Amino acid sequence: MKNEFFSALEELEEKRGIPKAYMLEKVEAALVNAFKKEVGAANVRVHIDENKGEVKVFKQLNVVEVVEDEKTQISLEDAKRMSRRNVLGGVVEIEMKTKNFGRISAQTAKQVIVQGIRQAEKGMMIKEYESKKEDVITAVVERIDETTGNVILNTGTGYATLLKKEQLMGDSFSVGDHVKVFIMEVKSSADSKGPLVTLSRVHQNFVKRLFELEVPEITDGTVKIMGITREAGMRTKIAVMSEEPGVDAVGSCIGARGIRVGAIMNELHGEKIDVIRYSEDPAEYIRSALSPAVVKDVTIEEERVCRVVVTPEQLSLAIGREGQNARLAARLTGYKIDIKTE
């Protein structure tokens, strides 16, 4: 190996952040395997000298009384001829010389460097994504698969796929568009097969993180999100409470003239969002969760079961289209809700 090899490793470390020691370790391991086959030895040690820019290969043999395997053993008598310090049970290293070493070293090093760069970059990407897991990022549309509807995004860290099933019904993308996505899952190993990261715009925590980004009172802890449930593209119910007297949790989330919740709804293509006031009183919480319907009475009949009374004109609103409003309220509160008219 020549000094250019070490210069290349230093350049990788400087420009791509791949440690030189990491790459040398990979190269040494690969050379060991390559030279084992070349010299027909079971145990080989490779030493890479950075200062001299050379590779030395040593065959390792165990010192024994009687040799049973010439590939792994050497007799004590022969070992003593090489050095009086060699003892029974020790290891003797014999430097190997072959005209093929230079060619093998160059080919193996090249293969390992290419593979090592890929693995190292993949590992760094995983760490970068891990730091953003369960967060919202803005990515740029790189390509759209017309067959599957999947969208390839440039996340700034690398390229990731937003699957069709993780897109909203109203999503329509063009190359170059900026799109907000939720990092739902990150693979923990660079050796893992499949996508490194799973992105989503339909996950309920996508809306939760949008509120955390849009509402300063949530960011500073004054307002707390107590629960959220969602049917993506249709409706979200989010329960909030204030940690400080005098701060209106619902008003903070909605914003002046609805500007805060409106910005989130625009991102979700008009998905309806009900901001609910959380209460420790189950009856009061259920009453709020059924908004926009007006509830006359809530009776807790047994554990996690309640009866709700509304006026006839409020019944369809309380139940919602195909039962959606009642269904989301039940998920949010954890109660089975039986809605009746007066």
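A quick note: this is a predicted structure, and the numbers were derived from the prediction, not measured. (Residues numbered from 1 in each chain as written. Predicted model: local features only at pLDDT ≥ 70, side-chain atom pairs only at ≥ 80, totals over all residues. Heavy atoms only, no water.)

## Thoughts on the pattern of salt bridges
Tallied over the entire structure, the rule returns 19 salt bridges. The shortest N-O distance in the salt bridge between Arg81 and Glu77 comes to 2.8 Å. With a gap of 4 residues between them, Arg81 and Glu77 both fall in helix 3 (residues 76-82), about one helical turn apart. Summarising the burial analysis for this pair, Arg81 and Glu77 share the class exposed. The shortest N-O distance in the salt bridge between Asp338 and Lys340 comes to 3.9 Å. Accessibility expressed as a relative area gives 33% for Asp338, which makes it partly exposed. You can call Lys340 partly exposed: its relative accessible area is 42%. (Salt bridge = Lys/Arg side-chain N within 4 Å of Asp/Glu carboxyl O. Helix = DSSP H or I, 4+ residues; strand = E, 2+ residues; numbered from the N terminus. Buried < 20%, exposed > 50% of the residue type's maximum accessible area, 1.4 Å probe, protein only.)

## Re unusual backbone geometry
With omega at 15 degrees, the peptide bond leading from Ser291 into Pro292 counts as cis. Assignment of secondary structure puts Pro292 in the loop between helix 9 (282-289) and strand 13 (297-302). For His269, which is not glycine, the phi torsion reads 60 degrees and is therefore positive. Looking at where His269 falls in the secondary structure, it is placed in the loop between helix 8 (259-267) and strand 12 (272-277). Of the residues examined, His269 reaches a relative accessible area of 43% and is grouped as partly exposed.

## Regarding the sheet that holds strand 14 (residues 305-310)
Pairing is mixed in the open sheet, where 3 strands are placed in the order 13-14-15. Looking at which strands have only one partner, the edges of the open sheet turn out to be strand 13 and strand 15 (336-341). Taken pair by pair, the neighbouring strands of this sheet meet at an average axis angle of 25 degrees, ignoring direction. Pairing analysis gives 5 bridges linking strand 13 to strand 14, with the strands arranged antiparallel. For Ile300, the partnering residue across the bridge sits in strand 14 and is Cys306. Packed onto the sheet, helix 10 (residues 312-319) meets strand 14 and strand 15 and runs at close to 155 degrees relative to strand 15. (Pairing = 2+ DSSP bridges. Axes fitted to C-alpha atoms, helices over the stretch in contact; angles between N-to-C directions. Contact = heavy atoms within 4.5 Å.)

## Notes on the nonpolar core
In terms of nonpolar packing, the biggest core is built from 22 residues, with Phe211, Ile238, Val240, Leu268, Ile273 and Val275 touching the most fellow members. For this core, the element with the most residues is helix 5 (residues 204-214), which contributes 4 residues. Excluding anything up to four places from it in sequence, Phe211 contacts Ile218, Ile225, Ile238, Cys253, Val261, Ile264, Ile273 and Val275. Counting 20 residues, the second-largest nonpolar core is a separate cluster that includes Val298, Ala326, Leu332 and Ile339. (Core = buried A, V, L, I, M, F, W, Y, C linked by side-chain atoms within 4.5 Å.)

## Describing the layout of surface pockets
Taken as a whole, the largest pocket encloses approximately 280 Å³ of empty space. In this structure, the largest pocket is lined by 15 residues; those nearest its centre are Met234, Arg235, Lys272, Arg321 and Gln324. Those elements that provide at least two residues to the lining of the largest pocket are helix 10 and helix 11 (324-333). Among the elements that make up the lining of the largest pocket, the one with the highest residue count is helix 11 (3 residues). Its residues placed into classes, the lining of the largest pocket shows 3 nonpolar, 6 polar and 6 charged. (1 Å grid on protein atoms, 1.4 Å probe; cavity = no way out; pocket = protein on both sides within 12 Å on 5 of 7 lines; lining within 4 Å. Points joined across faces, edges and corners; volume = space filled by probe spheres on them. Nonpolar A, V, L, I, M, F, W, Y, C, P; charged D, E, K, R; others polar.)

## Structural notes on the confidence of the model for the chain
Counting all residues, the mean pLDDT for the chain is 86, and 88% of those residues have values of 70 or more. Per-element confidence in the chain is highest for strand 10 (residues 223-231), whose mean pLDDT is 97, and lowest for helix 4 (residues 101-130), whose mean pLDDT is 69. (pLDDT = per-residue confidence, 0-100.)

## Some words on helix 9
Here helix 9 has its buried residues at Ala283, Tyr285, Ile286, Ser288 and Ala289. Buried residues along helix 9 sit against strand 11 (235-242), strand 12, strand 13, strand 14, helix 11 and strand 15. Near the N-terminus of helix 9, the side chain that reaches the backbone nitrogen of Ala283, with its oxygen 3.2 Å away, is that of Asp281. (Polar contact = N/O pair within 3.5 Å; in protein donor to acceptor, adjacent residues only side chain to side chain.)

## A short note on the packing of aromatic side chains
For the structure on display, the rule yields 1 aromatic pair. For the ring pair Tyr278 and Tyr285, a centre distance of 4.8 Å and an interplane angle of 70 degrees mean the geometry is edge-to-face. (Phe/Tyr/Trp six-rings, centres within 6.5 Å; stacked < 30°, edge-to-face > 60°.)

## With respect to the side chain of Ser279
Positionally, Ser279 belongs in the loop between strand 12 and helix 9. Polar contacts involving the side chain of Ser279 include one to the main-chain amide nitrogen of Asp281, which spans 3.0 Å.

## Quick word on the environment of Ser200
Its place among the elements puts Ser200 in strand 9 (residues 197-200). Judged by relative accessible area, which is 0%, Ser200 ranks as buried. As a C-alpha pair, Ser200 and Glu185 span 15 residues in sequence and 9.3 Å in three-dimensional space. A distance of 2.6 Å separates a polar atom in the side chain of Ser200 from a polar atom in the side chain of Glu166.

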